[in-house]
Structure formats: structure tokens, C-alpha cells
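Now for the letters of each chain:
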2 protein chains.
Amino acid sequence: MGGLAIIRDGGMLIRDGKIELVGLSDEIEKKSRGAEIVDACGRVVLPGFVDAHTHLVFAGNRLDDFERRARGESYEQISKAAGGIWSTVEKTRAASEHDLLVEAKKRADWFLRCGTTTIEAKSGYGLTLEDELTILRVMRSLNKQSSLEIVPTFLGAHAVPRGMDTDEYIGLMIDQMLPHIAREKLAAFCDVFCERGYFDVEQSRKILTAARKLGLRLRIHADQLSNLGGAKLAAELKAATADHLEKTDEQGIAAMKSAGVQPVLLPGSVYALGSSGYPRAREMIEAGLAVVLATDFNPGSSPTASMPMILSLACTQMKMSPPEAVTAATINAAHSLNRGNKVGSLEPGKLANFSVFDCADYRELAYWFGIPQMHSVYVRGERVTGA
Amino acid sequence: MGGLAIIRDGGMLIRDGKIELVGLSDEIEKKSRGAEIVDACGRVVLPGFVDAHTHLVFAGNRLDDFERRARGESYEQISKAAGGIWSTVEKTRAASEHDLLVEAKKRADWFLRCGTTTIEAKSGYGLTLEDELTILRVMRSLNKQSSLEIVPTFLGAHAVPRGMDTDEYIGLMIDQMLPHIAREKLAAFCDVFCERGYFDVEQSRKILTAARKLGLRLRIHADQLSNLGGAKLAAELKAATADHLEKTDEQGIAAMKSAGVQPVLLPGSVYALGSSGYPRAREMIEAGLAVVLATDFNPGSSPTASMPMILSLACTQMKMSPPEAVTAATINAAHSLNRGNKVGSLEPGKLANFSVFDCADYRELAYWFGIPQMHSVYVRGERVTGA
């Protein structure tokens, strides 16, 4: 993760949406007579960012929670004031599939405008069979209508629906939701919020094991608020990723390493919640883990779709170096989504998904924080957004 | 600071670059037959942000310092590696006036694109008579060429030039720089970096007193790294502002209150330096101080021109409420620059400087952090940037 293969005065030959050649501009030009030339004029060209943890589909926002938190109210006070995840679940259930699609499309444009071309997106604001299916279908529709590539994850186990017993809800997920989702191929991954008051290790294991039997790969919301053992469970189940990890200790890190689990770090939520308890990125990198950075885009704890913002947080708050941060937000993230052979780097044979930034050094993306530097974004060789 | 006067379905009548009427859209329309209508389509319209603390004019960047800091190096290590303020002073001295203007113009566009229409800008990367004058002249030229309004501040006392004794340099500032600057009316304010190893309280008093005699108003970099008594000095000298204040205690707050000094808080530099020692915004607001928020835009410790980013930092890290943050970034900031009668709010008689944001609630600006939401920006009634 410590270095990037940067080509100065570099170029690419693109054909049929794929990268055919990468190298020095002069050499590429010689080998590509007749091709249309797009001059980036010395700007930085990066692989489209791959955002491996988002909650894309929901209705409304949580501005009132945001204001309450700014005014110093606690999570409990906000929950009592009808805020928290439940307000989003209620709004999402009340919204039509069409409305959810319209909102998700606006947000998909945000991701593209920040230079992201592939995202993972989780369900989890429905919490009934019908509502979870609706959310996953919105993702399927959006995948057809937007240039943003969406890898869907079923997160029915985001919270226990009100008025339902946890085990009863787990039964519903295992007996009805998961089989339905697998049959319709609506999700590539299954995720669980493994946390005190949500799903404990035993319950998480049950849900994830059932999902794995149906062919879904696994991700886990692990050790965010307490060191419950989520990272170790991810290792035990050979999950693709363990996400959050703010409270993970050395044993959790060692377990992930031995099982090849990728840690997905989400500094946006630590920041937005006003905490300073960032995950131990340096220890994970030094342990040899293929760390991933993601936005955790969601209305409650991380309302950002900007990977440049996450790079800034990684460098300034978690002491990741710029090359480590970019690696974590591109190729490592792609591998965590089982898409490492298609996206995440600019190499022959991969999709021509890339962003052009209005700067001369890739580190400027994280350095000039909060400033939009996107010049143009390309997906499969076609320009999808930009000046 | 606790509330904003928000008009739903509001409108403005603008004539000759000034606001003539503000009120309900329907009523404004009746009173303005024949006027060209610009429909904001329900978007948020805010006064152009006023950024009361920036270091706009410099050459180059400090990407290497940024990377070293991300890799865990200390300020001392970075200084030894030829980083720190000296690397910027050397690059700035080596640059031509034309080159400095070109760079500053690019940055002025960043401010505008983030919704800022007035900034204060400090000299201080020259540290010789000629180089400081050049920087202030660049500001004067930019003021004519850009739509961004620039209020210039002389900060010769940013550091002591290498190879010079502090008292010798103070003599140079008082005997040569300040009289020259006052004569050419190149600065409206004088500022001093009052800090251990830079200019102590006694030395700062000397410089600022001389500046005041020449008709300049005062600002002070106070109590950033240590509680040296900068806030109290600002009170003693009736300075317009005391800026930074990360280490200011209750006595400093009380002194500012009794003297009517405005605190200028700069959370961008706390963030970018990876610290969590934010200034005591809540105590200052509760003491009745007219708090100001600013970017501290500079290449070393706060490389951002984005006031929405600063609003996010204020709400999430300093527990300022959204109305407090917006007040601090508009009207309070305008008053601190002696421009409260011209800019900082949308009122009849003021300049028609405003921004239109692509959201339905002004709080979204701070909530969706890192995402560019600017739709269009107007200065003196003319659209200067936007979709």
C-alpha cells in the first residue's frame, strides 16, 4: 500500500469501454493512430474511486438529528425525540419505489461528481420483506439508469423492527427474506450490524451462515461502538470484510490477518459524530492487512459521498500516507467487492473508469480539503460528468 | 446568534448591484414590474460568506509537509526537512508579481465557487519591505480583476526573517513597512503572530500600537499554541479581532467581552493539523461574544477555501448550532471587517452579494459535508459563477 505506480505524461488507449494500453503518452499515441485524442492537459488521472460501504437508498434526511447533536444532545435524547434510524425507516417505508429511485439517483450523481464510479450499497431501512425487496430493486433499477456501478448488499439485520422479537426477526430473514433475495439475485453480499442492542455474535453468525449457504458473500458491521468480537467473527466466517472497527484490538487485527478479511475503515462517521476515536489504521496496515476506506454514506452518521473528503480524514486524522489512502479507496476496495479484476486500477483489460482532477499532484485531492477539484469523470470510456 | 431570519418563498428586488427590497416572493413581484426574474426554484439563498481570516497570496503548496505529517513526522522534523513557513516564504519571494497574481486568482475562484464573496487576506510570506509590498499590491490588482472582494491586512509580523534579530525586524516594520503601507493605503488592518518564538506580548504591542497610530485597525493571531495572553492584548488595544484562541481561558474570554473584541475561530487548522484541541466556541457564545468563523486558508495548516466545510467543522467538532455557524460566517464576520453596513446579510441597502445552493434547507450545507452544493453565486447582482 505504500507506493503508487504513477506515470508522468501518461496516456491510455481505450477501446469498447476497456483499457487496451497504458503507458507514456508519446508511446500510446504512436500505437493508436486514428483514435480520438482527449488531452488531460497535465491534470491528474486516477482510477474511479470504489466506495465499498454505503447506505445509498433511503428517504429524507436527518437534519433535525444533526442540529440536535450540534446543540449537544446525546444519542439517547435524539432517539427519544423520534430521531435516529427509526425516523429514516419510517420515511423509507412511506416512500414509493419511484420516489426512492429519484432520491437515490440524485445521490448517485453526487458520488460520480466526487470521482467515484463503483459503490457497494446496503439495504436496511425497510426491515420488512416487502420494504427490503423494494430497496434492493431500486438499486437494480438505478444500476441500469445511472453510470454509477452499484454492488448490492442485503442488510436486513440493520436493526430489529419495532414490535418484533429479535429471534422472530432473524427467523423472518432466514426463512423468507434471504431465500427470496437469493432467488431474484438481488444482492451479492449479506451484512449484519453486530453490536450490543442490535445483533450479538451468536445471532450474527446465524444470519451470515444462512446467507453464505445461499451463495452470498459476507460483510460485517464490527466493533463500532464496543469490542464485541465482530472482527473475530468475520475471520471465523471468512467474510470478505469487517467494517468500522473503531474498537477492534490486536487480537481482532490478528484474526482478520490470518483469515484474509479486509478491514473497511469509515472515518466519515467518526468525524460526523464528533468523536475522535478513529480506528487503528496504522496497526492494521503494519499487520499487513489490505485496508479499505469508504464513506459509510448514510443520513444519520456519515452524510458524505465524497471520497476526497475521506482521503483527507485518512491522512489528517488516521495518519495514513497519501499513497496508502488512495490504494485503500481504489484497488483494495475493488478486491473487497470481488471486482478487483474489473475496476480499481488503470490496467489493460480493466474497465475504462477514471476521473480527471484539476490539479497537478494526486496528493492535492486530500490536501485542499472541502474544495471540489473534479474536472471530468469517465465510465467505460464515456464521459459521464464534468465541466 | 441563535436564530436566522429565514423567509420561505422569499425574494429580493435588486437594482444597480444593491438590494432594494427583501420579502415574500409574491409581494416583491408585485412591487417590481418589468424587472428581470431569476427563479431560484426553491433553492436556498444565503448572503455571500465573509471569510475574515485568510492568507491568500503565496507561491506553491506544502504537499511535502502534508505527506510528512500524514506519515507521523513532528513539526520539528518537518522544519528540519526544509518545510514549514520558510519554504513558502522562499517560493513567494522567488515568484514574480504576475505569477503570484495568477495563483491568487485561481484561489479566488475557489472561494467564489464555495459561496464566499468577501475575504480578508493577509500578507506575511514576504518579510522584506519589497516582498510585503508586492503581496499587498497583488491583492489590490486582484480586487480589480476578480469578483471576490478582498480586505487587505498587513502581517509582516508573521515570522522573523532568517538572519535578522527580532527587534531589528520590528524596527524595519515600524520605521519603513508600516509608513509605506499606510501612505499607499495598501492595508486596512495590521495583524501580528503573537506566539512564543515569534512575537511576544511586548513586541506585539509595539508593532500594533505603531500601526494604530497610522490609522490601521487591528487583528491578532492569539493563543494558538500557548496561552500567552494574546486575547488580553487584543482587549487592551481594542483590536477588532483576536484570532485562533485554541488556548484562551476564561480570563481571555472575559477581557474580549469587556473590550468588544470579536473572536475569529479557525477550526480548519485544528482539523488539518490532526489536533482535537478546538477553541471553546460554546463558552465564547455563552459569554455573549460575536463569534466569527473563518477558513484560515493557507498552504501549511489549513488548505481549504470552503466555508461550508468550516460550517461542518463548527457543528460537528465545536458544537455550534447551524444558525450560530451561519451567523458567524456572514454578518458577524462582516462586522469584524468593518463591512457590516455593506455585506453579510440580505437587507435593503446592502450589496447584492449572495449564493444559491442546490438544497432545500440551509442546514444541508454543513450536513452533507465535502459535497459541492453551490448552484450559482452573485456579486453586486451579477452572476459570477455557477452551473
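Residues numbered from 1 in each chain as written. Chains lettered and ligands numbered in written order. Predicted model: local features only at pLDDT ≥ 70, side-chain atom pairs only at ≥ 80, totals over all residues. Heavy atoms only, no water.

## Focus: the environment of Ser336 of chain A
Residue and element names in this part refer to chain A.
Link 1 in the chain: Relative to the assigned elements, Ser336 resides in helix α15 (residues 331–336).
Link 2 in the chain: Sequence spacing of Ser336 and Val261 is 75 residues, and the spatial spacing of their C-alpha atoms is 8.7 Å.
Link 3 in the chain: Those residues in contact with Ser336, other than ones at most four positions away along the chain, are Ala52, Phe189, Arg219, Ala240, Thr241, Gln262 and Val292. (Helix = DSSP H or I, 4+ residues; strand = E, 2+ residues; numbered from the N terminus. Contact = heavy atoms within 4.5 Å.)

## Considerations on the relation of the copies chain B and chain A
Here the second copy of the chain follows from the first by a rotation about an axis and a shift along it.
Link 1 in the chain: With an RMSD of 0.0 Å, chain B superimposes on chain A once it is rotated by 180 degrees and translated 0.0 Å along the axis. In short, the pair behaves as if placed about a two-fold rotation axis. Closest approach to the rotation axis among the C-alpha atoms of chain B is made by Gly370 of chain B, whose C-alpha sits 2.5 Å away. (Least-squares fit on C-alpha atoms with pLDDT ≥ 70 in both.)

## Considerations on the sheet that holds strand β13 (residues 374–379) of chain B
All names here are of chain B.
Link 1 in the chain: Taking strand neighbours across the sheet as the criterion, the 4 strands line up as β3-β12-β13-β14 in an open arrangement whose pairing is antiparallel. Strand pairing shows two members of the sheet lacking a second neighbour, β3 (44–47) and β14 (382–386), which therefore form its edges. In this sheet, adjacent strand axes meet at a mean angle of 25 degrees when their direction is disregarded.
Link 2 in the chain: Judged from the 4 bridges that link them, β13 and β14 form a sheet pairing that is antiparallel. The partner of Ser376 across the bridge, within β14, is Gly386. (Pairing = 2+ DSSP bridges. Axes fitted to C-alpha atoms, helices over the stretch in contact; angles between N-to-C directions.)

## Brief notes about the sheet that holds strand β9 (residues 241–244) of chain B
Residues and elements named next belong to chain B.
Link 1 in the chain: Overall, parallel pairing links the 8 strands, which are arranged β4-β5-β6-β7-β8-β9-β10-β11 in an open sheet. Either end of the sheet is taken by a strand with one partner, and the two such strands are β4 (49–51) and β11 (292–293).
Link 2 in the chain: Two strands pair when backbone bridges link them, and strand β7 (residues 189–194) and strand β8 (residues 217–222) are joined in this way by 6 bridges, in the parallel orientation. Bridge pairing in β8 places Phe189 opposite Arg217.
Link 3 in the chain: Contacts from helix α7 (residues 166–183) reach β6 (149–157) and β7 within the one sheet, and its direction differs from that of β6 by about 155 degrees.
Link 4 in the chain: Contacts between helix α8 (residues 201–213) and the sheet are confined to β6, β7 and β8, with β7 contributing the most and set at about 175 degrees to the helix.

## A few points about the domain arrangement of chain A
The parts lose accessible area when they come together, and the size of an interface is often stated as this lost area.
Residues and elements named next belong to chain A.
Link 1 in the chain: One can read the domain layout of chain A as domain 1 (10–45 + 352–386) and domain 2 (49–336).
Link 2 in the chain: One C-alpha centre belongs to domain 1, the other to domain 2; they are set 30 Å apart.
Link 3 in the chain: With 14 residues of domain 1 at the interface, the matching set in domain 2 holds 15 residues.
Link 4 in the chain: Across the interface of domain 1 and domain 2, roughly 1,100 Å² is buried in total on both sides, 72% from carbon and sulfur atoms. (Domains from an automatic or database assignment. Buried area = accessible area lost by both parts, 1.4 Å probe.)

## Quick look at the nonpolar core
Link 1 in the chain: Counting residues in each nonpolar core, the largest one holds 217 residues, and the members touching the most others are Leu56 and Leu293 of chain A together with Leu56 and Leu293 of chain B.
Link 2 in the chain: A per-element tally of this core places α7 of chain B first, with 9 residues.
Link 3 in the chain: What Leu56 of chain B contacts, discounting residues up to four positions off in sequence, is Ala104, Arg107, Ala108, Phe111, Ile119, Ala121, Lys122, Leu142, Ile150 and Phe297 of chain B. (Core = buried A, V, L, I, M, F, W, Y, C linked by side-chain atoms within 4.5 Å. Buried < 20%, exposed > 50% of the residue type's maximum accessible area, 1.4 Å probe, protein only.)

## Overview of the packing of aromatic side chains
Ring pairs (aromatic) are described by centroid distance and by the angle formed between their planes.
Link 1 in the chain: This structure, assessed with the given rule, holds 26 aromatic pairs over all chains.
Link 2 in the chain: Here Phe297 of chain A and Trp368 of chain B contribute two aromatic rings whose centre-to-centre distance is 5.9 Å and whose plane-to-plane angle is 25 degrees, an arrangement assigned as stacked. With Phe297 of chain A in the loop between β11 (292–293) and α13 (307–317) and Trp368 of chain B in the loop between α16 (364–367) and β13, this pair bridges two chains.
Link 3 in the chain: By relative accessible area, which is 3% here, Trp368 of chain B ends up buried.
Link 4 in the chain: Through a chain of ring-to-ring contacts, three or more aromatic side chains come together here, namely Phe58, Phe66, Trp110, Phe111, Tyr125 and Phe297 of chain A together with Tyr367 and Trp368 of chain B. (Phe/Tyr/Trp six-rings, centres within 6.5 Å; stacked < 30°, edge-to-face > 60°.)

## Overview of the side chain of Ser321 of chain A
Link 1 in the chain: Here Ser321 of chain A shows up in the loop between α13 and α14 (322–329).
Link 2 in the chain: The buried category is assigned to Ser321 of chain A, whose relative accessible area is 1%.
Link 3 in the chain: Setting aside residues up to four positions removed in sequence, Ser321 of chain A forms contacts with Arg282 and Cys315 of chain A together with Ala70 and Arg71 of chain B.

## Topic: the pairing of strand β9 (residues 241–244) of chain A
Residue and element names in this part refer to chain A.
Link 1 in the chain: Across 4 bridges, strand β8 (residues 217–222) lies against β9 in parallel orientation. Each bridged residue has a counterpart across the sheet, and for Ile220 the counterpart in β9 is Ala242.
Link 2 in the chain: Where the polypeptide runs from β8 across helix α9 (residues 230–236) and back to β9, its parallel neighbour, the crossover connection is right-handed.
Link 3 in the chain: Both β9 and strand β10 (residues 262–265) contribute to a ladder of 3 bridges, which runs parallel. Counted as the bridge partner of Asp243 is Val264 from β10.
Link 4 in the chain: The parallel pair β9 and β10 is bridged by helix α10 (residues 250–259), and the resulting crossover is right-handed. (Right-handed = clockwise from strand over helix to strand, strands pointing away.)

## Let's talk about the side chain of Asn353 of chain B
Residue and element names in this part refer to chain B.
Link 1 in the chain: Looking at the secondary structure, you find Asn353 in the loop between α15 (331–336) and β12 (354–357).
Link 2 in the chain: Judged by its relative accessible area of 6%, Asn353 falls in the buried class.
Link 3 in the chain: Engagement of the side chain of Asn353 in a polar contact is seen with the backbone nitrogen of Arg380, the distance being 2.8 Å.
Link 4 in the chain: Here Asn353 is in contact with Pro47, Gly48, Thr117, Thr118, Val343, Leu346, Tyr378, Val379 and Arg380, once residues within four sequence places are set aside. (Polar contact = N/O pair within 3.5 Å; in protein donor to acceptor, adjacent residues only side chain to side chain.)

## Digging into α8 of chain B
All names here are of chain B.
Link 1 in the chain: Counted at 1.5 Å a residue, the expected span for α8 with its 13 residues is 18 Å, and the 18 Å between its end C-alpha atoms agrees.
Link 2 in the chain: Structurally, the start of α8 carries an N-cap: the backbone nitrogen of Glu202 is 3.1 Å from a side-chain oxygen of Asp200.
Link 3 in the chain: A positive backbone phi angle near 95 degrees is found at Gly215, which sits one or two residues after α8. (Expected span 1.5 Å × (residues − 1).)

## With respect to the environment of Arg380 of chain B
All names here are of chain B.
Link 1 in the chain: By secondary structure assignment, the location of Arg380 is in the loop between β13 and β14.
Link 2 in the chain: Arg380 sits 41 residues away from Arg339 along the chain, and the two C-alpha atoms are 15 Å apart.
Link 3 in the chain: Aside from chain neighbours lying at most four places away, what touches Arg380 is Gly17, Leu351, Ala352 and Asn353.

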